[in-house]
Amino acid sequence: MSKLKLIMKWLLALFIFLAGVMHFANTAFYLSIMPPYIPWHLAMVYISGFFEIVLGLMLIVPKFERLAAWGIIALLIAVFPANIHMALHPELYPYISPMALWLRLPMQGVFVAWAYWFTSEPDAERRIEINA
């Protein structure tokens, strides 16, 4: 694994891990962004926070890197409705710029692509590096 890719993996792991911690440290915020049609708001906040913490830690363990990356992608897709809800209802979040709420939507795709970078087989990546 290149030095850049290793640094990016650690940055993603840290970001996901800290986002998970924030679900417990600032639960009220995460409850406020839950779309009304999602059931069990508090449980969902805690469950998503738990999985963010676990997946962030798993990403730094080579044996679990691919599984964690796919899990992060699934989690990002699962929480996307909350980002859409925020963008469509900026009046509920007067402390966040409406532009920032809309920018979060394509940023979610950036994070999915970032996680996808770590889904390839390590052997396949080595073959590419050797042949290059």
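Residues numbered from 1 in each chain as written. Predicted model: local features only at pLDDT ≥ 70, side-chain atom pairs only at ≥ 80, totals over all residues. Heavy atoms only, no water.

Student: In this structure, what is going on with the nonpolar core? I would like to understand it.
Tutor: Note on soluble globular proteins: their nonpolar side chains tend to be buried together. Judged by nonpolar contacts, the single largest core of 16 residues is most densely connected at Leu12, Leu55, Leu59, Ile72 and Phe118. Listing elements by their share of this core, those giving two or more residues are helix 1 (3–25), helix 3 (41–59), helix 4 (65–88) and helix 5 (98–116). The biggest single contributor to this core is helix 4, with six residues. Among the nonpolar cores identified, the runner-up in size contains 10 residues, and Val45, Ala82, Met86 and Tyr93 belong to it. (Core = buried A, V, L, I, M, F, W, Y, C linked by side-chain atoms within 4.5 Å. Buried < 20%, exposed > 50% of the residue type's maximum accessible area, 1.4 Å probe, protein only. Helix = DSSP H or I, 4+ residues; strand = E, 2+ residues; numbered from the N terminus.)

Student: Would you mind showing me how to read the side chain of Asn83 here?
Tutor: Mapped onto the elements, Asn83 comes out in helix 4. Its relative accessible area of 4% is what places Asn83 among the buried residues. Not counting the four nearest positions on each side in its chain, Asn83 is found in contact with Arg104, Leu105 and Gln108. (Contact = heavy atoms within 4.5 Å.)

Student: How should the pattern of salt bridges be read in this particular structure?
Tutor: Two side chains of opposite charge can pair, provided their charged atoms sit close to one another. One pass over the full model with this rule turns up one salt bridge. Where Lys9 meets Glu65, a salt bridge forms, and the shortest distance between an N and an O atom there is 2.9 Å. Note that Lys9 is positioned in helix 1 and Glu65 in helix 4, a separation of 56 residues in sequence. On the basis of relative accessibility, which here comes to 10%, the residue Glu65 falls in the buried class. (Salt bridge = Lys/Arg side-chain N within 4 Å of Asp/Glu carboxyl O.)

Student: What is the right way to read the environment of Leu57 from this model?
Tutor: Summarising the element assignment, Leu57 is placed in helix 3. For Leu57, a relative accessible area of 44% translates into the label partly exposed.

Student: It is not clear to me how the packing of aromatic side chains should be interpreted in this structure. Could you clarify?
Tutor: Between two aromatic rings, the relevant description is the distance of the centres plus the angle of the planes. Applying the stated criterion across every chain yields a total of eight aromatic pairs. Consider the rings of Phe24 and Tyr46, whose centres lie 5.2 Å apart with planes at 5°: the pair is stacked. One end of the pair, Phe24, is in helix 1; the other, Tyr46, is in helix 3, and 22 residues separate them in sequence. Phe24 gets classed as partly exposed once you look at its relative accessible area, which sits at 41%. Arranged with centres 5.3 Å apart and planes meeting at 40°, the rings of Trp117 and Phe118 form a pair that is tilted. (Phe/Tyr/Trp six-rings, centres within 6.5 Å; stacked < 30°, edge-to-face > 60°.)

Student: Looking at this structure, I do not really get unusual backbone geometry. What am I missing?
Tutor: Leaving glycine aside, a negative phi is the common case for residues, and trans is the common case for peptide bonds. One non-glycine residue, Trp40, lies in the positive phi region at around 50°. Position of Trp40 relative to the elements: it lies in the loop between helix 2 (27–32) and helix 3.

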